[in-house]
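Listed below are the residues making up each chain.
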Amino acid sequence: AQSVAQPEDQVNVAEGNPLTVKCTYSVSGNPYLFWYVQYPNRGLQFLLKYITGDNLVKGSYGFEAEFNKSQTSFHLKKPSALVSDSALYFCAVRDPRNNDMRFGAGTRLTVKP
Amino acid sequence: EAGVVQSPRYKIIEKKQPVAFWCNPISGHNTLYWYRQNLGQGPELLIRYENEEAVDDSQLPKDRFSAERLKGVDSTLKIQPAELGDSAVYLCASSLEANSPLHFGNGTRLTVT
């Protein structure tokens, strides 16, 4: 079965600075990769996905992610962080052969003014 | 489009009591997922349906948990009897196809006392 690792429990950045939230994955075959954000007392909200094509994908709220097959990584990035970006971020990998979707443990992003 | 609807939002019960959660997915979404999310952790898959068929229930504690999706639309997850360790947020999600993101409901927060 596929798996996802988010090596950082917490990421702290200052507002206006670039941010990176790391994700590595393990899956047989070509992965479908996703990033989600979760605000308090809410379900997960979709940010962006990589299915095929360009390794750099752009998503909601100015976020982007880079797929790196050789490093089996899919790091989430944003050029200039906002305080309102503070939330829990989850990376997920899907096995396209069976729709099985697995999530990482999450990274809490805190953006300080 | 209407999102994934879950009810109730909150449930507090005493241990050994039964509890049920309901989910109405987005219309036309054939794949339905139930996840359990403990505080500060990522969602863990409990069961996945393709239409009315449970195609992955390997993570469902079958001695006390059951689920159904009789007409391939809405779904119910039941716990009987509940234990203290079942306290968590139960998330329902649906998706259209393998390269589509999951759409999540706001979850049901269960507290077992």
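Everything here concerns the structure above.
Residues numbered from 1 in each chain as written. Chains lettered and ligands numbered in written order. Predicted model: local features only at pLDDT ≥ 70, side-chain atom pairs only at ≥ 80, totals over all residues. Heavy atoms only, no water.

Peer 1: I keep staring at the state of the cysteines and nothing clicks. Help me out?
Peer 2: Two cysteines whose sulfur atoms are joined by a covalent bond form what is called a disulfide. Tallied over the entire structure, the rule returns 2 disulfides over all chains. Note on cysteine connectivity: Cys23(A) is disulfide-linked to Cys91(A), with sulfurs 2.0 Å apart. Here Cys23(A) and Cys91(A) share a disulfide; its torsion about the S-S bond, -65 degrees, makes the bridge left-handed. One end of the pair, Cys23(A), is in the loop between strand E3 (19-21) and strand E4 (24-26); the other, Cys91(A), is in strand E10 (residues 87-95), and 68 residues separate them in sequence. Cys91(A) gets classed as buried once you look at its relative accessible area, which sits at 0%. The partner cysteine of Cys23(B) in its disulfide is Cys92(B), sulfur to sulfur 1.9 Å. Here the disulfide of Cys23(B) and Cys92(B) is left-handed, its torsion about the S-S bond being about -70 degrees. Of this pair, Cys23(B) sits in strand E3 (residues 19-24) while Cys92(B) sits in strand E9 (residues 88-95); the two residues are 69 residues apart in sequence, bridging distant segments of the chain. Residue Cys23(B) is classed as buried on the basis of its relative accessible area, which comes to 0%. Taking the relative accessible area as the measure of exposure, Cys92(B) reaches 0% and is therefore buried. (Disulfide = S-S within 2.5 Å. Helix = DSSP H or I, 4+ residues; strand = E, 2+ residues; numbered from the N terminus. Buried < 20%, exposed > 50% of the residue type's maximum accessible area, 1.4 Å probe, protein only.)

Peer 1: I keep staring at the interface of chain A and chain B and nothing clicks. Help me out?
Peer 2: Where interface size is given, it is often the accessible area lost as the parts come together that is meant. Taken together, the contacts link 22 residues of chain A with 26 residues of chain B. Both faces considered, chain A and chain B share a buried interface measuring about 1,800 Å² in area, 46% of it formed by carbon and sulfur atoms. Summed over the shared surface of chain A and chain B, the number is 1 salt bridge. In this structure, Arg102(A) engages Asp56(B) in a salt bridge whose closest nitrogen and oxygen atoms are separated by 3.7 Å. (Contact = heavy atoms within 4.5 Å. Buried area = accessible area lost by both parts, 1.4 Å probe. Salt bridge = Lys/Arg side-chain N within 4 Å of Asp/Glu carboxyl O.)

Peer 1: Hey, could you run me through the packing of aromatic side chains in this one?
Peer 2: All names here are of chain A. A complete count under the given rule lists 13 aromatic pairs over all chains for this structure. Arranged with centres 6.2 Å apart and planes meeting at 25 degrees, the rings of tyrosine 25 and phenylalanine 67 form a pair that is stacked. Here phenylalanine 67 lies in strand E8 (residues 64-68) and tyrosine 25 lies in strand E4, a separation of 42 residues in the sequence. By the burial criterion, tyrosine 25 is buried, and phenylalanine 67 matches it. Consider the rings of phenylalanine 63 and tyrosine 89, whose centres lie 5.5 Å apart with planes at 45 degrees: the pair is tilted. (Phe/Tyr/Trp six-rings, centres within 6.5 Å; stacked < 30°, edge-to-face > 60°.)

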